[in-house]
Amino acid sequence: MSDQPAVSTLTLRHRIPDDWAADPWAEVRPLVDGVDVLAEVHPEGRARSCRFWTGPAAGWPLAVTEEPRRTMITEPTCTAGCCGALYATMRREGGRVVWDSWENTGNSSAVPADLRFDAARYEAELARAAADRSWEEPVDTAARLLGRTLAESRWFERWGCVLTDVSPRREEPGLPEELREPEGVDVGFHRAGAAGERTDAYRYTLFVDRDRPVAEQVRRLAALVLADDPRRTAEPER
């Protein structure tokens, strides 16, 4: 009879949050052997959103090395310092990935059991999830493609500004129809300044139409932003 620790399977699922005010992008939710064990111990927590799953693999939220790393697995919609978060220490041990030394800084001290995964399958799942676009709604695709277009254009730098955020904006459920804002894409930027200097901030509130192809709408939205000095065409934030 083997006394080797059980090896679990990690599955990452994108989930568009019900309360998306804190982060409108889908969270990348870790399931262990098909079970959302994190919801059992930190029900108010949400996993890091897909906007953190870009760039080199070493920077992804659940990336591991042989050097142990304390990682925030879920956090509340406010801040970890306010309502607590769920942490684990992650490391690679040969052909295994280990999550242990759990810490719950929320209202409960409950934590999952220590977990072990096959390293090759673990890393393949991280890569699959980072590339997954199947969960996207049209507004998500529009925001992602518009963000890439604006970043590659270096348009804001031309005007002495820094592009800070391109995010989907969803219709808020439960609001009366007269108070609802149509879904679309928010583009935020600010005037470049010295480190620590408070600078002027601006925002575009752009709208999308589900009845039109996404690629066509991205071209239309990009043309609106790239038509003139953005400091004149965007709304100042107060």
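Residues numbered from 1 in each chain as written. Predicted model: local features only at pLDDT ≥ 70, side-chain atom pairs only at ≥ 80, totals over all residues. Heavy atoms only, no water.

Colleague: Can you walk me through the overall build of the protein in this structure?
Modeller: If you tally the helices and strands in the protein, you get seven helices and 11 strands. Relative to all contacts within the protein whose residues are 6 or more apart in sequence, the contacts with residues 24 or more apart total 52%. Surface exposure of the protein reaches about 13,200 Å², of which carbon and sulfur atoms provide 49%. (Helix = DSSP H or I, 4+ residues; strand = E, 2+ residues; numbered from the N terminus. Contact = heavy atoms within 4.5 Å. Areas by Shrake-Rupley, 256 points an atom, 1.4 Å probe, with all protein chains shown as cover.)

Colleague: Got a minute to help me understand helix H4 (residues 138–153) in this structure?
Modeller: Residues spaced three or four apart along an α-helix face the same direction, because each turn holds 3.6 residues. Taking 1.5 Å of rise per residue, 16 residues should cover 22 Å, and H4 covers 22 Å from first to last C-alpha, within 8% of that figure. Listed in full, the buried residues belonging to H4 are Val 139, Asp 140, Thr 141, Ala 142, Ala 143, Leu 145, Leu 146, Gly 147 and Leu 150. Tucked into the core, H4 has its buried residues touching helix H5 (155–158), strand E8 (161–169), strand E9 (184–191), strand E10 (201–207) and helix H6 (214–225). In the segment just after H4, Arg 154 is the residue with positive phi, at about 55°. (Expected span 1.5 Å × (residues − 1). Buried < 20%, exposed > 50% of the residue type's maximum accessible area, 1.4 Å probe, protein only.)

Colleague: Please clarify how the pattern of salt bridges should be interpreted in this entry.
Modeller: Oppositely charged side chains are able to pair whenever their charged atoms sit close together. Evaluated as defined, the whole model comprises 25 salt bridges. As a salt-bridge pair, Arg 203 and Asp 165 come within 3.9 Å of each other at their nearest N and O atoms. Of this pair, Arg 203 sits in strand E10 while Asp 165 sits in strand E8, placing them 38 residues apart in sequence. Accessibility expressed as a relative area gives 24% for Arg 203, which makes it partly exposed. With relative accessibility at 27%, the residue Asp 165 sits in the partly exposed group. Residues Glu 183 and Arg 210 are paired through a salt bridge, measuring 2.7 Å at the closest nitrogen-oxygen approach. (Salt bridge = Lys/Arg side-chain N within 4 Å of Asp/Glu carboxyl O.)

Colleague: Sorry, what's going on with H6 here?
Modeller: With 12 residues, H6 ought to run about 16 Å at 1.5 Å a step, and its terminal C-alpha atoms sit 17 Å apart, in line with that. Of all the residues in H6, the buried ones are Gln 217, Val 218, Leu 221, Ala 222 and Val 225. In a view along the axis of H6, the buried residues occupy a sector of 135°, so they form one face of it. In the core, the buried residues of H6 are packed alongside H4, H5, E9 and E10. (Arc of directions from axis to C-beta.)

Colleague: What is the right way to read unusual backbone geometry from this model?
Modeller: If a residue is not glycine, its phi is most likely negative; likewise, a peptide bond is most likely trans. At Asp 33, a position not held by glycine, the phi torsion is positive, near 55°. You can call Asp 33 partly exposed: its relative accessible area is 47%. The phi angle at Arg 154 is positive, at roughly 55°, despite the residue not being glycine. Assignment of secondary structure puts Arg 154 in the loop between H4 and H5. For Arg 154, a relative accessible area of 52% translates into the label exposed.

Colleague: I'm lost on the pairing of strand E4 (residues 69–75) in this one. Help?
Modeller: Within a regular strand, side chains alternate between the sheet's two faces. Bridge count for strand E3 (residues 46–47) against E4 is two bridges, and the pairing is antiparallel. Across the sheet, Arg 46 pairs through a bridge with Glu 75, a residue of E4. As paired elements, E4 and strand E5 (residues 86–93) share five bridges and run antiparallel to each other. By the bridge assignment for E5, Arg 69 is matched with Met 90. (Pairing = 2+ DSSP bridges.)

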